[in-house]
Amino acid sequence: MYVIVGVTGGIAAYKSVQLVRLLVLDSHEVHVVPTEDALRFVGIPTWEALSRNPVTTSVHDDVAKVRHVALGQAADLIVVAPATANFLAKMAAGLADDLLGTSLLATTAPVVVAPAMHTEMWRHPATAHNIEVLRGRGVHVVGPEDGPLTGGDVGPGRMTEPERIHAFVAGLLGRARDLAGVRVVVTAGGTREPIDPVRYIGNRSSGRQGAAVALAAADRGATVTLIAAHVETDAVLPASAHPGIDVVRAETAEQLAKAVAAHAVEADVVVMAAAVADYRVAEASDRKLTKEETGGQLTLSLVATTDILAGLVAARPDGQTIVGFAAETETDAAKLRERARRKRRRKGVDLLAVNEVGWEKGFESADNELMFLGSADEVIGSASGTKREVADALWDAVRSIRLP
Ligand SMILES: Cc1cc2nc3c(=O)[nH]c(=O)nc-3n(C[C@H](O)[C@H](O)[C@H](O)COP(=O)(O)O)c2cc1C
């Protein structure tokens, strides 16, 4: 695999020497791309000797090979360790004034950052915002850890030890292209059922989990159609920018059903992560309803929407894997599992991803917790962490049932 190690100007640069060693020992093709400031901490000879490749910081060296984009295009993964506060800000802004900046903009490979800085810098709202922006783009953030910092301070800001960064990177590389050639349809977000031209019945789904499932699949080489109902804009932006993802919009349950029917025929795996309304207004008004017309009370008549999952299972082509999601408010673990089992049997899906939701849980949050039930109702895995981490665990579970 082709791995770029970006090194920026923090004292922890000396620890990345060990990261580079470990990656070279794994037989990866390693290219170190430092910033100018990083070279004040560890010099070019160390990086060149360890990586066995030439090292430069500038876009103006080796121009014949168009290095400023060639490295990023060739990369299977880029890891920036340590990532300074300054460099995280540059990444969040998309700046490209050195070789590391251009490589990061030229890549579609997974990107990992390992921040390292003093606690005050880590906690500063500017850094916190930059980290949020990067996470929103699918960048993996490893650490920082709590512990002793340079100068005697203690607190969060210490770079994660190189062995742990290496283990994380190895995990990503191990599954780097393990979904190559797989055609995937993912639904995300919440449907909106019109009451009149300005009002609707909706739900709290942000689309983040579905978008993360789509991104994880595309990063692992799948060709993805993301059918997006209402989603938070920042949730779907990284997916729409990904060359492996085609985004199709659908507003209502009916539109979503049609889009799924049209795209699922060709798919190897369908993941139904969208929160689809169970009911729609029987007859939406084509004019805005006013209080004068309705008086003090408005009664809406609701009718059940199409069961998309049931339709999918009924029309499933040979070899297709269907994954359903169940958002449950049951807090008792045993009862939650039993409800999930009943739902899996009722729906007939190959895999059911179950998450407990509530006022504060699941919806609209950055993290999630999922349990996976297989077609014999057995628990075949569980995951908790960022929605992206949980998404990768879902694809690991899908692979385990498709390739027994
Ligand atoms: C001794 C020393 C240690 C530093 N350590 C860090 C650090 O751990 N994290 C950080 O964000 N900045 C650190 N800095 C500040 C950065 O070097 C500075 O912001 C620099 O402009 C970063 O450049 P770069 O992000 O292009 O590599 C340190 C500076 C010095 C002099």
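Quick caveat: nothing in here was measured; it's all calculated off a predicted structure.

**What about the overall build of the protein?**
At step 1: Secondary structure assignment for the protein yields 15 helices and 19 strands.
At step 2: In terms of overall size, the protein behaves like a compact globule, its C-alpha atoms giving a radius of gyration of 24 Å where 404 residues would be expected to give roughly 22 Å.
At step 3: The dimensions of the protein, computed from C-alpha atoms along their principal axes, are 75 × 55 × 45 Å.
At step 4: Within the span of the protein, comprising 404 residues, buried residues form 50% of the whole.
At step 5: Relative to all contacts within the protein whose residues are 6 or more apart in sequence, the contacts with residues 24 or more apart total 69%.
At step 6: Total accessible area on the protein is roughly 18,800 Å²; 52% of this is exposed by carbon and sulfur atoms.
At step 7: Placing the 42 positive and 50 negative side-chain charges of the protein at their respective mean positions leaves the two points 3 Å apart.

**A few points about the site of the ligand**
At step 1: Residues in close proximity to the ligand total 14 residues, the closest being Gly9, Thr35, Thr84, Ala85 and Ala116.
At step 2: Thr35 places a polar side-chain atom, nitrogen or oxygen, 2.6 Å from an oxygen atom of the ligand.
At step 3: In this structure, an oxygen atom belonging to the ligand sits 3.0 Å away from a side-chain N or O atom of Asn86.
At step 4: Compared with its free state, where it exposes 650 Å², the ligand has 66% of that area covered by protein.
At step 5: Counting residues per element, the shell around the ligand draws most heavily on helix α4 (residues 85–93), which supplies three residues.
At step 6: Tallied by class, residues from the shell around the ligand come to seven nonpolar, six polar and one charged.

**With respect to the pairing of strand β6 (residues 145–148)**
In regular strands, side chains alternate between the two faces of the sheet.
At step 1: For β6 and strand β7 (residues 154–158), the ladder comprises four bridges, and the chain directions are antiparallel. Its bridge partner lying in β7, Pro148 is registered against Val154.
At step 2: The loop that links β6 with its antiparallel partner β7 comprises five residues; one of these, Gly151, has a positive phi angle of about 90 degrees.

**Regarding the domain arrangement of the protein**
At step 1: Split by domain assignment, the protein resolves into domain 1 (2–174) and domain 2 (183–402).
At step 2: Of note, the centres of domain 1 and domain 2, computed from C-alpha atoms alone, are 35 Å apart.
At step 3: By the criterion of area lost to domain 2, the three top residues of domain 1 are Thr108, Gly136 and His140, representing 49% of everything that side buries.
At step 4: Our count for the contact surface shared by domain 1 and domain 2 stands at zero salt bridges.
At step 5: Applying the counting rule to domain 1 against domain 2 returns zero residue pairs in polar contact (both at pLDDT 80 or more).
At step 6: Classifying every residue of the side of domain 1 that touches domain 2 gives no nonpolar, four polar and two charged.

**Structural notes on the pattern of salt bridges**
Oppositely charged side chains can pair when the atoms bearing their charge come close.
At step 1: Counted under the stated rule, the structure contains 19 salt bridges.
At step 2: As a salt-bridge pair, Asp219 and Arg388 come within 2.8 Å of each other at their nearest N and O atoms. Residue Asp219 is found in helix α9 (residues 208–219), and its partner Arg388 is found in helix α15 (residues 387–402); the two are separated by 169 residues along the sequence.
At step 3: A single network of salt bridges, built from pairs that share partners, joins Asp178, Asp219, Arg220, Arg388, Asp392, Asp396 and Arg399.

**Notes on the pairing of strand β16 (residues 321–328)**
At step 1: Within β16, seven of the eight residues are buried, which leaves it mostly tucked inside the rest of the structure.
At step 2: Pairing geometry for strand β13 (residues 269–272) and β16, over four bridges, is parallel. The residue of β16 that forms the bridge with Met272 is Gly324.
At step 3: Taken together, β16, helix α14 (residues 333–347) and strand β17 (residues 351–356) constitute a β-α-β crossover, and its handedness is right-handed.

**Some remarks on the sheet that holds strand β11 (residues 223–228)**
At step 1: With respect to topology, eight strands assemble into an open sheet ordered β12-β11-β8-β13-β16-β17-β18-β19, the strand pairing being mixed. Single-partner strands in this sheet number two, and they are β12 (245–249) and β19 (379–386). Looking at each pair of strands side by side, their axes are set apart by 15 degrees on average, direction ignored.
At step 2: As paired strands, β16 and β17 are joined by six bridges and run parallel to one another.

**Thoughts on the environment of Ala222**
At step 1: The topology assignment puts Ala222 in the loop between α9 and β11.
At step 2: On a C-alpha basis, the gap between Ala222 and Val80 in space is 25 Å, while along the polypeptide they are 142 residues apart.
At step 3: Apart from residues no more than four positions distant in its own chain, Ala222 is found in contact with Leu179, Ala180, Val182, Val184, Ala217 and Gly244.

**Considering empty space enclosed by the protein**
At step 1: Within this structure, the stated rule accounts for one cavity of 30 Å³ or more.
At step 2: Every residue lining the largest cavity is listed: Pro110, Leu172, Arg175, Ala176, Asp219, Arg220, Arg388 and Asp392.
At step 3: For the lining of the largest cavity, the class distribution of residues is three nonpolar, no polar and five charged.

Calculation notes
Residues numbered from 1 in each chain as written. Predicted model: local features only at pLDDT ≥ 70, side-chain atom pairs only at ≥ 80, totals over all residues. Heavy atoms only, no water. Helix = DSSP H or I, 4+ residues; strand = E, 2+ residues; numbered from the N terminus. Rg over C-alpha atoms; globule rule 2.2 N^0.38 Å. Buried < 20%, exposed > 50% of the residue type's maximum accessible area, 1.4 Å probe, protein only. Contact = heavy atoms within 4.5 Å. Areas by Shrake-Rupley, 256 points an atom, 1.4 Å probe, with all protein chains shown as cover. Lys, Arg positive; Asp, Glu negative; His and termini not counted. Charge placed at Lys NZ, Arg CZ, Asp CG, Glu CD. Near = heavy atom within 4 Å. Polar contact = N/O pair within 3.5 Å; in protein donor to acceptor, adjacent residues only side chain to side chain. Nonpolar A, V, L, I, M, F, W, Y, C, P; charged D, E, K, R; others polar. Pairing = 2+ DSSP bridges. Domains from an automatic or database assignment. Buried area = accessible area lost by both parts, 1.4 Å probe. Salt bridge = Lys/Arg side-chain N within 4 Å of Asp/Glu carboxyl O. Right-handed = clockwise from strand over helix to strand, strands pointing away. Axes fitted to C-alpha atoms, helices over the stretch in contact; angles between N-to-C directions. 1 Å grid on protein atoms, 1.4 Å probe; cavity = no way out; pocket = protein on both sides within 12 Å on 5 of 7 lines; lining within 4 Å. Points joined across faces, edges and corners; volume = space filled by probe spheres on them.

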